[in-house]
Amino acid sequence: MRYSGLLACVAVLATPAWGQGYMPVPVGGTKPAPVPQAPVTDDTPEEIAKDAARDLKDSRFYNKPGATRAQYDADWQTCRLIARGSRTPSGTIPYFYNPAVISPLAAGIGGGIGGLIAGAIAEGQQRRANRRQCLLIKGWRLVEVPKDEEAKVAAMTDDQRSAYFERIVGAASVDGVVTERTSFSLAPDPALPLDAPVPAPASVWTGKKVDPAAPVVLAPGEAAVVVAYRRPVKAAEGRHGLVQLSRYDVGGRDLVYRPKDWKKLGDKTVYGVDARSQDRKAPYEVQVIRVTPGDYVVSSTMSGMTLSTTSYCFGAPTFHVEAGEVAYLGDFIPFWNVEKADGSKVSTLAWTPRLEETRAALAGKQPALAAAMKPAGFRNKATYACSAIVMDRWDLPGAEELPEAAPAAAQATAAS
């Protein structure tokens, strides 16, 4: 099945299993069992080095100044396991490998849709692209070698090539076209005006078929999040936006999935939220969404009316909300096909903090919520199991970083 055909099929058949638009991927080819298989981790150092050498070629290689070949091999293997879905970026086994705890729907997606996505990742170019993305996020640079240097490397003996790559992966300077990632936020550009004003009044949404002027009263053990969509320029007019939130385990560094016996337990926990724009014709719209208290990550965003295929599993903004709190998550601008100053084009859901403007817009319909609203305390770099077609990282400018998890503590949390 062609990749475009895959997306078309998923768009028709897929329904988010627990409020997320991306899905965990079983390991083992295009026809996996409904429950994911146990991850394979018994590769020897020699096998890892041989496999990692596949990305050290005459024409291109990875480089990180000061690094060793052993460090490259270790990072390559880590990224390989993450890209296939059998390890989280923090090094633990993903929660969805435990079907005794996680519902079969969340764990396996039942072999149908799960099989299609597994085929795209496990056997297609996208899996290699995600491995490359992982290495770039880890600080490695992809170097495309000039033709004359490529010819020299191609003429080397095996021993000479081995010595060459032992040296070049950690060289301080390299020749060629270098691809690297040093920032994970949207770069400023005059074609993407984040602070442009929008006309009043705003469209307010508090629920499907709910009067937006009817006072929202939070129940005991309930909280709310506020998401705003603004369309200040023509490139955003009439465009949809999507912000996906997923429940998060800070200690275990993974998403929190709906348990297998949730119906029996009467579990009313919110495990995921699709905050999709409701009034794309409005220059400004504000949404109030009820949630259960706890930790969440912004697991995906999307500009346009398309299926979300990206997960920020390599690093997402996370926040905590207590019962009774009203947390403002920011204003989002659905830019579409915008030509930037360098001539490239971008479609993206940009983020900008406009707390007081959102408060004023919300006050017209929900004055009590507007008065109680406060900014979410975001922290960047919340990692979790990568289970989407596209795996990435997104940082919010100015937010502090979530401290690195101690491997032993994270593994203990996952085991429990």
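Each value, and the rule that gives it
Residues numbered from 1 in each chain as written. Predicted model: local features only at pLDDT ≥ 70, side-chain atom pairs only at ≥ 80, totals over all residues. Heavy atoms only, no water. Pairing = 2+ DSSP bridges. Helix = DSSP H or I, 4+ residues; strand = E, 2+ residues; numbered from the N terminus. Axes fitted to C-alpha atoms, helices over the stretch in contact; angles between N-to-C directions. Contact = heavy atoms within 4.5 Å. Disulfide = S-S within 2.5 Å. Buried < 20%, exposed > 50% of the residue type's maximum accessible area, 1.4 Å probe, protein only. Salt bridge = Lys/Arg side-chain N within 4 Å of Asp/Glu carboxyl O. Polar contact = N/O pair within 3.5 Å; in protein donor to acceptor, adjacent residues only side chain to side chain. Core = buried A, V, L, I, M, F, W, Y, C linked by side-chain atoms within 4.5 Å. Expected span 1.5 Å × (residues − 1). Phe/Tyr/Trp six-rings, centres within 6.5 Å; stacked < 30°, edge-to-face > 60°. Lys NZ or Arg CZ within 6 Å of the ring centre and 35° of its normal.

A. A look at the sheet that holds strand S2 (residues 141–144). Read across the open sheet, the 3 strands follow the order S1-S2-S3; overall the sheet is antiparallel. One side of each edge strand has no neighbouring strand; the edge strands of this open sheet are strand S1 (60–63) and strand S3 (177–179). When strand polarity is set aside, the average angle formed by the axes of neighbouring strands in this sheet is 25°. Here 4 bridges tie S1 to S2, and the two strands are oriented antiparallel to one another. Directly across from arginine 60, in S2, lies its bridge partner glutamate 144. Contacting S1, S2 and S3, helix H6 (residues 125–137) crosses the sheet at an angle of about 115° to S2.

B. Local environment of the state of the cysteines. Taken as a whole and assessed by the stated rule, the structure comprises 2 disulfides. Bridging cysteine 79 to cysteine 134, the disulfide has an S-S length of 2.1 Å. Classification of the bridge connecting cysteine 79 and cysteine 134 rests on its S-S torsion, roughly -70°, and on that basis the disulfide is left-handed. One end of the pair, cysteine 79, is in helix H3 (residues 69–84); the other, cysteine 134, is in helix H6, with 55 residues separating them in the sequence. The pair cysteine 79 / cysteine 134 is uniform in exposure class, with both members buried. Should the bonded cysteines of the chain be numbered as they appear in the sequence, the pairing reads 1-2, 3-4.

C. View of the pattern of salt bridges. What the rule picks out here adds up to 21 salt bridges. Ionic pairing is found between arginine 161 and aspartate 58, a salt bridge with its closest N-O pair at 2.3 Å. Of the two residues, arginine 161 sits in helix H8 (residues 158–168) while aspartate 58 sits in the loop between helix H2 (45–52) and S1, which places them 103 residues apart along the sequence. Aspartate 58 sits in the partly exposed class, given a relative accessible area of 22%. The closest approach of N and O atoms between arginine 393 and aspartate 395, which form a salt bridge, is 2.7 Å. For the pair arginine 393 and aspartate 395, one class covers both residues: buried.

D. Expanded view of the side chain of serine 277. Within the secondary structure, serine 277 is located in the loop between strand S8 (272–276) and strand S9 (284–291). Within the structure, serine 277 has its side chain in polar contact with the side chain of histidine 240 (distance 3.4 Å). Apart from residues lying up to four places away in sequence, serine 277 is in contact with Tyr229, Arg231, Arg239, His240, Gly241, Glu285 and Gln287.

E. Inspection of the nonpolar core at higher detail. Membership of the largest hydrophobic core comes to 63 residues, with the highest contact counts inside it found for Phe61, Val243, Leu245, Val291 and Phe319. Residues in contact with phenylalanine 61, not counting those within four places in the same chain, are Asp55, Leu56, Arg141, Leu142, Val143, Val145, Tyr164, Phe165, Ile168 and Val174. Among the nonpolar cores identified, the runner-up in size contains 19 residues, and Leu218, Val286, Leu355 and Leu362 belong to it.

F. Geometry of the environment of glycine 176. In this fold, glycine 176 is placed in the loop between H8 and S3. Residues glycine 176 and lysine 147, spaced 29 residues apart in sequence, show a C-alpha to C-alpha distance of 9.2 Å. Aside from chain neighbours lying at most four places away, what touches glycine 176 is Val143, Glu144 and Pro146.

G. Structural view of H3. A rise of 1.5 Å per residue sets the reference length of H3, with its 16 residues, at 22 Å; its end C-alpha atoms lie 23 Å apart and thus fit the reference within 8%. Taken across its 16 residues, H3 has 12 buried, putting it largely inside the fold. Turning to H3, its buried residues are Arg69, Tyr72, Asp73, Asp75, Trp76, Gln77, Cys79, Arg80, Leu81, Ile82, Ala83 and Arg84.

H. Focus on unusual backbone geometry. Cis geometry marks the peptide bond from alanine 200 to proline 201; its omega dihedral reads 0°. Relative to the assigned elements, proline 201 resides in the loop between S3 and strand S4 (203–205). Here the phi dihedral of arginine 253 falls at roughly 55°; this positive angle occurs in a residue that is not glycine. Among the secondary structure elements, arginine 253 is positioned in the loop between strand S6 (241–249) and strand S7 (254–255). The residue lysine 381 is not glycine, and still its phi comes out positive at about 70°. Along the polypeptide, lysine 381 turns up in strand S16 (residues 379–382).

I. Spatial organisation of the packing of aromatic side chains. Across all of its chains, the model carries 8 aromatic pairs by this definition. Relative to phenylalanine 332, the ring of tyrosine 229 has its centre 6.3 Å away and its plane inclined at 45°; by these criteria the two rings are tilted. You can see tyrosine 229 sitting in strand S5 (residues 223–230) and its partner phenylalanine 332 sitting in strand S13 (residues 326–339), a full 103 residues away along the chain. Given a relative accessible area of 2%, phenylalanine 332 falls into the buried group. Ring centres of tyrosine 312 and tryptophan 394 lie 5.5 Å apart, and the angle between their planes is 40°; this geometry places the pair in the tilted category. You can see tyrosine 312 sitting in the loop between strand S11 (310–311) and strand S12 (316–321) and its partner tryptophan 394 sitting in the loop between strand S17 (390–391) and strand S18 (400–401), a full 82 residues away along the chain. The class for tyrosine 312 is buried, based on a relative accessible area of 9%. An aromatic cluster is present here, built from Tyr62, Tyr72 and Trp140 joined pairwise through their rings. The residue whose ring lies beneath arginine 258 is tryptophan 262, and the NZ or CZ to ring-centre distance is 4.3 Å.

J. Summary view of H6. Look at H6: 18 Å from first C-alpha to last across 13 residues, which is about the 18 Å you get at 1.5 Å a residue. Within the span of H6, buried status applies to Gln126, Arg127, Asn130, Arg131, Gln133, Cys134, Leu135, Leu136 and Ile137. Residue glycine 139 follows H6 closely and has a positive phi angle near 100°.

Purely spatial values, then, with no claim about function.
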